[in-house]
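# Results of the structural survey
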Amino acid sequence: MRYFIASVFNSIFISLIFDILIATIENWPEKDKIGVYEGDIKIGGIFMVHDRHDSLICGDIFTEIGIQQLEMMIYALDIVNQNFSHLLHGMTLGGVFVDDCDRDTVGVERSLEFVRGKFSSHDSQECSNKQGGAMKDDSSKKGSTGVVGVIGAASSVVSIQVASLLRLFSIPQVSYWSTSPELSNKERFDYFMRTVPSDEAQVSVMFDIIRFFNWTYVQVVYEDSNYGLKASNHILEMEKQYPDICVAQQLALPRDSQRERTGVYDNIFRRMLNFKNARGKYL
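Given the structure is predicted, the values throughout are model-derived calculations rather than measurements.

## So, unusual backbone geometry
Of note, the bond from Gly152 into Ala153 is cis; its omega dihedral lies within 30 degrees of zero at 0 degrees. Structurally, Ala153 can be placed in the loop between strand E4 (149–151) and helix H4 (156–166). We note that Asp102 has phi near 60 degrees; this positive angle belongs to a residue other than glycine. Its place among the elements puts Asp102 in the loop between strand E3 (93–99) and helix H3 (104–116). Looking at Asp102, the relative accessible area reads 9%, which means it is buried.

Structure (structure tokens):
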């Protein structure tokens, strides 16, 4: 129990330090604002620590989605280093953490640190093998931000951009939340993996539910984002396979619907009521 409490406090302390570094929303992300957990081998982490904002680069802090996921990764590193050090042959795991602010442009810019850190202390003309011309990997040096792999991102839009960058340097990436079917293309994203199924599976399950309840006339409400649009398009494709199922209408919720006025929801409900015979509501 004492070890558990100490590990939790250690993780919270490190994440709070990281949070303090990025607390000035108007200026974030600055070039030097990253979180580093020292170790012989470092793993990158891309987290949605801040929400998006219409006029600023980043918005409010995402406590549940961003901070807690960051804490979990730090806690996992603690557990591995303290309980499974024999698997690492005396080496320790570290991490390099960046905030994508739920924006693809910010995410790919911050992910450059993962690549830049591998060669930061070497001149572009200095090579580890003068015949082969390969740059020396500098990621194991203390203070380096180079990584051997990356965890994240949450958003599919961010993961698509980051995966396109990391594959150029043969850096594997594992996402815990990106579900876009586009990421299943192994010719484009050969170094990308994920721990969640594609949205295609989600839509297939939803159609199974519709058929189970014998719904033949349904409405679709989706988020106006890459995630929602991909799922919405896949619903229309699936509809062609089932002539007995008809989609009455598709309604788009603003991506930042939590900031929208109640009137936005009221308008969608009113439009849904116009199709009273559509018993199924696909959200």
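## Overview of the environment of Phe169
Tracing the backbone through its elements, the reader meets Phe169 in the loop between H4 and strand E5 (173–175). For Phe169, a relative accessible area of 37% corresponds to the partly exposed category. A C-alpha to C-alpha distance of 9.7 Å links Phe169 and Tyr191, two positions 22 residues apart in sequence.

## Concerning the nonpolar core
Counting 13 residues, the largest nonpolar core has Ile46, Phe114, Val147, Val150, Leu166 and Ile171 as the members making the most contacts within it. Listed by contribution, the elements that provide at least two residues to this core are E3, H3 and H4. Top element by residues in this core is H4. It accounts for three residues. One finds Val203, Val218, Ile235 and Val247 within the second-largest nonpolar core, a separate group that totals twelve residues.

About the cut-offs
For every chain, the first residue of its written sequence is number 1, and the numbers climb from 1 along that sequence. The predicted nature of this model means local features are confined to residues of pLDDT at least 70 and side-chain atom pairs, given and counted, to a pLDDT of 80 or more, with totals for whole chains, interfaces and linings taken over all residues. The side-chain figures draw on all heavy atoms in the structure; neither hydrogens nor water molecules are used. By definition, any uninterrupted DSSP run of H or I lasting at least four residues is a helix, any uninterrupted run of E lasting at least two residues is a strand, and each is numbered from the N terminus. Here's how the labels work: a residue is buried when its accessible area is under 20% of the maximum for its type, exposed when over 50%, partly exposed in between, all with a 1.4 Å probe on protein chains only. For our purposes a nonpolar core is just a set of buried Ala, Val, Leu, Ile, Met, Phe, Trp, Tyr and Cys residues, chained together by side-chain atoms within 4.5 Å.

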